[in-house]
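Survey of secondary and tertiary structure
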Amino acid sequence: MKKKKLIINIITIFPEMIKSISKFGIIRKSLKSKMLKINCWNPRNFSSKKNNSIDDKPYGGGPGMIMSAIPLYKTIKKIKLLNNYKKDIITIYLTPQGKKINKKNILRILKFNKIILLCGRYEGIDERLIIKEVDKEISIGDYVLNGGELPAMILIECIIRFIPGILKNKCIEEESFFNGLLDYPNYTKPKKFKGMKVPKVLLSGNHKNIKIWKLKESFKTTLLKRPDLLKKIKNYKKTKYFKKI
Ligand code: 4FV
C-alpha cells in the first residue's frame, strides 16, 4: 500500500525554532523517509506594514500585543492556493482554549493529507482570523506559553507516531493511552538493580502470561495514577484482566 505523505505547513514568526527541532528523533526520521514534509511560513513575509510588523495593540486596551489578521490570512490563502484550494487540508490553531490532544483528535486530523498549524505569539490572534480560517483549536494543556511553536512540535510528534510505518506498530499499540490505559512498567538489563529484580514473568518467555501481566499492570498503574481514565472504559471492572487492586 502506497505510504501516505503528510504535508505540514507551520505558520510561525520563528521558523528557525521549528527547523532546529526537526533535526532530531522521529521527526527527522519521518522527514528523511519522505513520509513527512514540513514547510515553514513566516507571516512577516505577508505584512505590508513598516518593518514587516504583524502585531498591533489590542482594541479596548489590555496588556501586550495581538497578532493581526491580515498577514495571517494572506499566508493561509497562499498555502491554500498552492494546494489548488483542495479540501484535503485542515487549519489548526494551537491555543489553551483548544481541545486537549488525544488519540481521537489525532486520528481525526490524520484524515487530512495537509495540515496548517497556526502558531500564535504575544497575547494571541485577532478573533476574526480564527472565525474565518481556523477549523480546529488544539491545546497541549491548561497553561499559557509565549508561543504556539512548542505545542505545534508536540502535536506533530503525536500525529506522526500514528502514521503507519513510522513506528513498529507494536510500539504505538503498547503505548500509554493507545488502549485508554497508562503503560505497564518497563524493564531492561540488568536483571537486578539496587536489589530490585525484574518480574519473573517477563523472563519466562511465556508470551500469553506476559501479555496478561502487561494488561493487569496497565490497569493497576491507571487505577493508581489516573483513575479518571478508567471511567472512560466501558465496564472495565468486567474485563477479565482487571482485578481490584
Ligand atoms: C498553547 C497551549 C499556548 C498562548 C498565547 C501562544 C500560547 C500565545 N498552545 N496549548 N497551552 N499558546 O499556551 O497550545 O499566542
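Residues numbered from 1 in each chain as written. Predicted model: local features only at pLDDT ≥ 70, side-chain atom pairs only at ≥ 80, totals over all residues. Heavy atoms only, no water.

**Observations concerning the packing of aromatic side chains**
By convention here, two paired aromatic rings are described through the distance between centres and the angle between planes. Note the cut-off: Each Phe, Tyr or Trp ring, with Trp reduced to its six-membered ring, pairs with another whose centre is within 6.5 Å; inter-plane angles below 30 degrees give stacked pairs, above 60 give edge-to-face pairs, and intermediate values give tilted ones. Only DSSP runs of H or I with at least four residues qualify as helices, and only runs of E with at least two residues qualify as strands; both kinds are numbered from the N terminus onward. When accessible area is computed with a 1.4 Å probe and restricted to protein chains, residues below 20% of their type maximum are described as buried, those above 50% as exposed, and intermediate ones as partly exposed.
Counted under the stated rule, the structure contains two aromatic pairs. Aromatic pair Tyr 187 and Trp 213: ring centres 6.5 Å apart, planes at 55 degrees, arrangement tilted. In this pair, Tyr 187 sits in the loop between helix H7 (169-173) and strand E8 (192-193) while Trp 213 sits in helix H9 (residues 207-225), placing the two residues 26 residues apart along the sequence. We classify Trp 213 as buried; its relative accessible area is 16%.

**Brief notes about H9**
Counted only if it meets this: Expected span, for any helix, means 1.5 Å times one less than how many residues it has. In this analysis, two residues are considered to be in contact whenever any of their non-hydrogen atoms come within 4.5 Å of each other. The definition of a polar contact used here is a pair of N or O atoms within 3.5 Å, where within protein one atom must be able to donate a hydrogen and the other to accept one, and adjacent residues in sequence count solely through side-chain atom pairs.
Spanning 19 residues, H9 covers 26 Å between terminal C-alpha atoms, matching the ideal 27 Å at 1.5 Å per step. Residues of H9 that are buried: Ile 210, Trp 213, Glu 217, Ser 218, Phe 219, Thr 221 and Thr 222. The inward-facing, buried residues of H9 contact helix H8 (200-203) and helix H10 (227-230). Taking the backbone nitrogen of Lys 208 as reference, a side-chain oxygen 3.1 Å away marks Asn 206 as the first, capping residue of H9.

**Thoughts on the site of the ligand**
Applicable threshold: Throughout this document, a residue counts as near a molecule or strand when at least one of its heavy atoms sits within 4 Å of that molecule or strand. All accessibility values rest on the Shrake-Rupley procedure with a 1.4 Å probe; residue burial counts only the protein chains present in the view. Lys, Arg, Asp and Glu make up the charged group, whereas Ala, Val, Leu, Ile, Met, Phe, Trp, Tyr, Cys and Pro make up the nonpolar group; the residues left over, Gly among them, are polar.
Among the 17 residues in the neighbourhood of the ligand, the closest are listed as Gly 120, Ile 140, Gly 141, Tyr 143 and Leu 145. Here an oxygen atom of the ligand sits 3.5 Å away from a polar atom, N or O, in the main chain of Tyr 122. The protein chains hide 97% of the 370 Å² of surface that the ligand would expose on its own. Tallied by class, residues from the shell around the ligand come to nine nonpolar, seven polar and one charged.

**Notes on the sheet that holds strand E7 (residues 136-139)**
Worth spelling out the cut-off: Pairing between strands is defined by DSSP: at least two bridges between the two strands are required. Helix axes use the C-alpha atoms of the stretch in contact, all axes being lines fitted to C-alpha atoms, and the angles between their N-to-C directions lie in the range 0 to 180 degrees.
Spatially, E2-E1-E6-E5-E7 is the arrangement adopted by the five strands of the open sheet, whose pairing is parallel. Taken across any chain shown, the strands that pair with only one partner, and hence form the sheet edges, are strand E2 (36-41) and E7. Across this sheet, the average inter-strand angle for adjacent strands is 30 degrees, counted without regard to direction. With six bridges connecting them, strand E1 (residues 6-11) and E2 associate as parallel partners. Bridge assignment links Ile 7 to a residue of E2, and that residue is Lys 37. Lying over the sheet, helix H6 (residues 149-160) contacts E1, E2, strand E5 (89-100), strand E6 (114-119) and E7, oriented at roughly 155 degrees with respect to E6.

**As for the pairing of E6**
Note the following rule: With strands facing away from the observer, any crossover in which the path from the first strand over the helix to the second runs clockwise is taken as right-handed.
Across the six residues that make up E6, a large majority, six, are buried. Judged from the six bridges that link them, E5 and E6 form a sheet pairing that is parallel. Residue Ile 90 lies in a different strand from E6, and its bridge partner there is Ile 115. Assessed by its sense of winding, the connection that carries the chain from E5 through helix H4 (residues 103-109) to E6 is right-handed.

**Considerations on the nonpolar core**
What counts is decided by this rule: Nine residue types can take part in a nonpolar core, namely buried Ala, Val, Leu, Ile, Met, Phe, Trp, Tyr and Cys, and a core is a set of them joined through side-chain atoms within 4.5 Å.
Core analysis: the largest hydrophobic core is formed by 29 residues, its most contacted members being Ile 8, Ile 10, Ile 115, Leu 117 and Ile 156. Those elements that provide at least two residues to this core are E1, helix H2 (25-32), E2, E5, H4, E6 and H6. A per-element tally of this core places H6 first, with six residues. For Leu 117, the contacting residues outside a window of four places in its chain are Ile 8, Asn 9, Ile 10, Ile 11, Ile 92, Leu 94, Ala 152, Leu 155 and Ile 156.

**Things to note about the packing of H2 against H6**
Keep this limit in mind: By convention, the crossing between two helices is left-handed when the near helix turns anticlockwise from the far helix through less than a right angle, and right-handed when the turn is clockwise.
Between H2 and H6, whose axes approach to 10 Å, the crossing angle comes to 60 degrees. In this structure, H2 crosses over H6, and the sense of that crossing is left-handed. The segment H2 lies against H6, with Ile 26, Ile 27 and Ser 30 engaging Met 153, Ile 156, Glu 157 and Ile 160. Here the residues of the contact of H2 with H6 sort into five nonpolar, one polar and one charged.

**A word on unusual backbone geometry**
A cis amide bond links Lys 189 with the next residue in sequence, Pro 190, at an omega value of 5 degrees. Here Pro 190 lies in the loop between H7 and E8. For Tyr 85, which is not glycine, the phi dihedral falls at a positive 55 degrees. With respect to the helices and strands, the residue Tyr 85 is situated in the loop between helix H3 (69-82) and E5. Relative accessible area serves as the criterion here: at 46%, Tyr 85 is assigned to the partly exposed category. With a phi angle near 50 degrees, Lys 194 is a residue other than glycine that sits in the positive phi range. If you trace the backbone, Lys 194 turns up in the loop between E8 and strand E9 (196-197).

Everything listed here is a matter of coordinates, which is why it stays silent on function.
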